[in-house]
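# Coordinate inspection notes
These are the residues of each chain, in order.
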Amino acid sequence: MAMHDAQPRALALVLVIGLAGLAVFPIFGADEKFYMQFLAKVMVMAIFAMSLDLLIGYGGLVSLGHAMYFGLAGYTLMSLTPEYEGASLWISLAAALGVCALAALVVGLLVLRTSGIYFIMVTLAFAQMAYYVVHDSKYLGGSDGKYVYVKPVLSFFGWQPFSLDKLAAFYYVILGTLAGVYFLLRLLLASPFGHVLVGIKANEHRMRSLGFPTFSYKLVAFVIAGVLAGLAGYLAAALDGLVNPELLSWHQSGQALMMVILGGMGTPAGPILGAGALKLLELLLTSWTKHWQLLLGLFIVLVVLVFPNGLASLFGKRKRGGAEHG
Amino acid sequence: MLRLKGVSKRFGARVVFANVDLALDAGEYVAIIGESGVGKSTLLNLMAGLEPADAGSILFEEVELTRLPDDALTLLRRDQFGFVFQAFHVLAHLSLAQNVALPLLLRGRAPGESAALAAAALAAVGLTGRETSMPRELSGGELQRVAIARALIGKPRLVLADEPTGNLDQENARQVLALLRAQVKQHGAAGILVTHSEAAAASADRRYRLRPEGLAPG
Ligand SMILES: Nc1ncnc2c1ncn2[C@@H]1O[C@H](COP(=O)(O)OP(=O)(O)OP(=O)(O)O)[C@@H](O)[C@H]1O
Ligand SMILES: [Mg+2]
């Protein structure tokens, strides 16, 4: 059961070229530590934005508190990292994703009873609560946050294929994760589960009358999105080597939301484009003027006006998931 | 199989209808006629447990729906009910076969079996060989045939049709009504057709009229 014309050819091509470009960059830009770090951050944000798009673009659930899971995962890694050695990647990652899954399950059980503007407000409220807990907790470093002194250690039964201290190695891990998450989401959305999710976005009443337990479906999507956001947050904390409350802030949630809208919601590739465009623009504008946020805002308004379906629509028309007949 | 006694529904302070009684036996096909806004769709939603009643009793096969928890109602809808709506409610991003097979998704059928059943259901409504067509390639009448196939694929005991010909021209409406009746009868299901049109209601075995003060034969 494949999604019909879920992704136009041109977009797939752009994506493949982009991935190939990202893959060869460290070979040619080995001395460009700054740009490698920058691209790694963009990819992390792309994973984060994709996770949010699962909720917005497919489930019709506009969450304004998605950074909560991003931050929770980062803080979990920080808590599990001893001062002078790296945490085990498998254990700390499993713990971080577990924390996010649990948090998303609890929050989801409470917020998914609401919809529309209430859903937006309640997700925001939960994230703000988490933000203040972290912000006011001495153990977690308060408003300054805390360092993750040593990068997590990847080992298979004692064998360590490479160290994440090497930026290039970490870069490829992130690139691989990005590709993995992308294909995972495509699989998920082409599956019966994905069909039901899009059906719920289009018309929940219909799916309920067909006998689908729509609440359970939305809850599963909510937990998956939380876990994937956690994956991004874990990578961000490990990459930057520090965590602070900003990771859970509504700015952070809003940034992912902007990436999704900018790139095009309801397309797996849209959020990747959105993340790339937003971060690149930010980089260019900050080096050019201190009024960069104003210009960035203008750009976003322009894009939304000219391409209401996001930058992804530059590369060919597609029927929006969730459009229906009747 | 379906018994309504003294069923009432209000939204806020506004009473939509009160004291609705209805007795429907297995294999019966009845029409409920009513003006726009009198609460026909609401009544169907009550019968399917999609909305709670404010008073009265709704028995389906001796089970009191008004006291059933949500997940039991979900199961009941999945296994016993079939729906046809006015707006076709066919998912645009799925092929015809995928749309028709939707109700089977949750029943753990093998994909091959689902596909075969969907193809047979489509053939039964005159859409032989159209499994991979997309909804946008279809006319309104054809879309409604897909909806009928979908409503019946799970072998429901009761089919609820809400103004299924509201968006169709006369000729298509006549065909769809005849098809709906034939399919319901052929599956040995009971059916309730809700409509504001006398002509549509004429396709049923019996007719009722919905008014704010209740349901009366007519
Ligand atoms: N969720 C709701 N909240 C408040 N009022 C509602 C709700 N649903 C329906 N109503 C009101 O209840 C009344 C009955 O609505 P309903 O849709 O059942 O009518 P209907 O007979 O199906 O009309 P139509 O022929 O136009 O489909 C209407 O006045 C409608 O505005
Ligand atoms: Mg109605």
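Our subject is the structure that appears above.
All values reported here derive from a predicted model rather than from experimental measurement.

Rules used in this analysis
- All residue numbers refer to position in the chain's written sequence, counted from 1.
- Think of it this way: whatever chain is written first is A, whatever ligand is written first is 1, and the rest follow in order.
- Thresholds applied to this predicted model are a pLDDT of at least 70 for local features of residues and 80 or more for the giving and counting of side-chain atom pairs; totals over whole chains, interfaces and linings are not thresholded and use all residues.
- Side-chain figures throughout are based on the complete set of non-hydrogen atoms in the structure, without hydrogens or water.
- Helix and strand definitions follow DSSP, with helices as H or I runs of at least four residues and strands as E runs of at least two, each counted in order from the N terminus.
- Radius of gyration: over C-alpha atoms. The globule rule applied is 2.2 Å multiplied by the number of residues raised to the 0.38 power.
- Relative accessibility thresholds used throughout: buried, under 20% of the residue-type maximum; exposed, over 50%; partly exposed, between the two (1.4 Å probe, protein chains only).
- Whenever a carboxyl oxygen of Asp or Glu lies within 4 Å of a side-chain nitrogen of Lys or Arg, that contact is scored as a salt bridge.
- The pairing test for Phe, Tyr and Trp rings, Trp by its six-membered ring, is centres within 6.5 Å, and the orientation test on the planes gives stacked under 30 degrees, edge-to-face over 60, and tilted for anything in between.
- DSSP-based pairing: two strands are paired if at least 2 bridges between them are found.
- To qualify as a nonpolar core, a set must consist of buried Ala, Val, Leu, Ile, Met, Phe, Trp, Tyr and Cys residues joined through side-chain atoms within 4.5 Å.
- When checking whether two residues touch, look at their non-hydrogen atoms; a contact exists if any pair is within 4.5 Å.
- Any residue with an atom within 4 Å of a point lines the site, the site being either a cavity, points on a 1 Å grid over the protein atoms alone where a 1.4 Å probe fits but cannot get out, or a pocket, an open set with protein on both sides within 12 Å along at least 5 of 7 lines.
- Grid points are joined across faces, edges and corners, and a volume is the space filled by probe spheres set on the points.
- Here the term charged refers only to Asp, Glu, Lys and Arg, the term nonpolar to Ala, Val, Leu, Ile, Met, Phe, Trp, Tyr, Cys and Pro, and the term polar to all other amino acids, Gly among them.
- Put simply, a residue is near a molecule or strand once any heavy atom of it comes within 4 Å of that molecule or strand.
- Nitrogen and oxygen atoms within 3.5 Å of one another constitute a polar contact, given that in protein one can donate a hydrogen and the other can accept it, and given that sequence-neighbouring residues count only through two side-chain atoms.
- Per-residue accessibility takes into account occlusion by the displayed protein chains alone, with areas from the Shrake-Rupley method and a 1.4 Å probe.
- Axis lines are fitted through C-alpha atoms, for helices just across the contact stretch, and the angle between N-to-C directions can take any value from 0 to 180 degrees.
- Roughly parallel covers angles under 35 degrees, roughly antiparallel covers those over 145, roughly perpendicular covers 65 to 115, and oblique covers all other angles.
- The hand of a helix crossing depends on one turn: near helix anticlockwise from the far one by less than a right angle means left-handed, and clockwise means right-handed.

Helix and strand counts for chain A stand at 12 helices and three strands. Computed over the C-alpha atoms, the radius of gyration of chain A is 19 Å, within 12% of the 20 Å expected from 2.2 N^0.38 for a compact globule of 326 residues. The dimensions of chain A, computed from C-alpha atoms along their principal axes, are 60 × 45 × 40 Å. Across the 326 residues that make up chain A, the buried fraction comes to 53%.

Residues and elements named next belong to chain B. Within the structure shown, the criterion is met by 14 salt bridges over all chains. Here Arg-107 and Asp-79 are joined by a salt bridge, their closest N and O atoms 3.9 Å apart. Pair noted here: Arg-107 is in the loop between α3 (96–101) and α4 (111–124) and Asp-79 is in helix α2 (residues 70–80), with a separation of 28 residues, a long-range link. By relative accessible area, which is 23% here, Arg-107 ends up partly exposed. Under the relative-accessibility criterion, Asp-79 is labelled partly exposed at 34%. If you follow the salt bridges from partner to partner, you end up with Arg-181, Lys-185 and Asp-205 in one network.

A word on the packing of aromatic side chains. Residues and elements named next belong to chain A. According to the stated counting rule, one finds 14 aromatic pairs over all chains in the structure shown. Here Phe-119 and Phe-222 contribute two aromatic rings whose centre-to-centre distance is 6.3 Å and whose plane-to-plane angle is 80°, an arrangement assigned as edge-to-face. Of the two residues, Phe-119 sits in helix α5 (residues 117–135) while Phe-222 sits in helix α9 (residues 214–240), which places them 103 residues apart along the sequence. The exposure class assigned to Phe-119 is buried, which follows from its relative accessible area of 2%. With a relative accessible area of 2%, Phe-222 lands in the buried category. Between Tyr-171 and Tyr-172, the ring centres sit 5.6 Å apart and the planes meet at 85°, which makes this aromatic pair edge-to-face.

Successive residues of a regular strand alternate their side chains across the two faces of the sheet. Residue and element names in this part refer to chain B. Pairing between strand β1 (residues 2–11) and strand β4 (residues 55–60): five bridges, direction antiparallel. Each residue of the ladder has a partner; that of Leu-2, found in β4, is Phe-60. The hairpin turn running from β4 into strand β5 (residues 63–64), its antiparallel successor, is two residues long, and Glu-61 in that turn takes a positive phi close to 50°.

Let us look at the nonpolar core. Core analysis: the largest hydrophobic core is formed by 108 residues, its most contacted members being A:Met68, A:Tyr69 and A:Phe222. The residues touching A:Tyr69, leaving out its near neighbours within four places in the chain, are A:Cys100, A:Ala103, A:Ala104, A:Val107, A:Phe222, A:Gly226, A:Ala229 and A:Gly230. Within the second largest apolar cluster, 38 residues are counted, among which are B:Ala118, B:Leu152, B:Leu180 and B:Ala201.

Moving on, we come to the layout of surface pockets. By rolling a water-sized probe across the atoms, one finds the places where empty space is left. Estimates place the volume of the largest pocket at around 730 Å³. Residue lining of the largest pocket: 28 residues in total, with A:Met45, A:Gln252, A:Gln255, A:Lys279 and A:Glu282 positioned closest to the centre. Elements that contribute at least two residues to the lining of the largest pocket include exactly α2 (33–58), α9, β2 (242–243), α10 (250–263), α11 (270–288) and α12 (292–306) of chain A. Sort the elements by how many residues they give to the lining of the largest pocket and α2(A) lands first, with six residues. Its residues placed into classes, the lining of the largest pocket shows 16 nonpolar, eight polar and four charged. The calculated volume of the second largest pocket comes to roughly 610 Å³. Within the residue set of the lining of the second largest pocket, elements represented by two or more residues are α5, α7 (192–202), α8 (204–209) and α9 of chain A together with α2 of chain B.

Residues and elements named next belong to chain B. Within the structure, ligand 1 sits among Phe-11, Arg-14, Val-16, Glu-35, Ser-36, Gly-37, Val-38, Gly-39, Lys-40, Ser-41 and Thr-42. For ligand 1, an oxygen atom lies 3.2 Å from a polar atom in the side chain of Arg-14. Between ligand 1 and Gly-37, the relevant distance is 2.8 Å, taken from an oxygen atom to a main-chain nitrogen or oxygen of the residue. Taken by itself ligand 1 offers 640 Å² of open surface, and the protein chains cover 57% of this. Elements with a contribution of two residues or more to the shell around ligand 1: β2 (14–24) and α1 (40–47). With three residues, the top contributor of residues to the shell around ligand 1 is α1. Grouping the constituent residues of the shell around ligand 1 by class yields three nonpolar, five polar and three charged.

So, on to the packing of α7(A) against α9(A). Residues and elements named next belong to chain A. In contact at an axis separation of 10 Å, α7 and α9 are set at 110° when each is read in the N-to-C sense. One finds that α7 runs roughly perpendicular with respect to α9. Crossing of α7 against α9: the hand is left-handed. Along the contact surface, α7 presents Phe-193, Val-196, Leu-197 and Ile-200, while α9 presents Thr-214, Tyr-217, Lys-218, Val-220 and Ala-221. Counted by class, the contact of α7 with α9 contains seven nonpolar, one polar and one charged residues.

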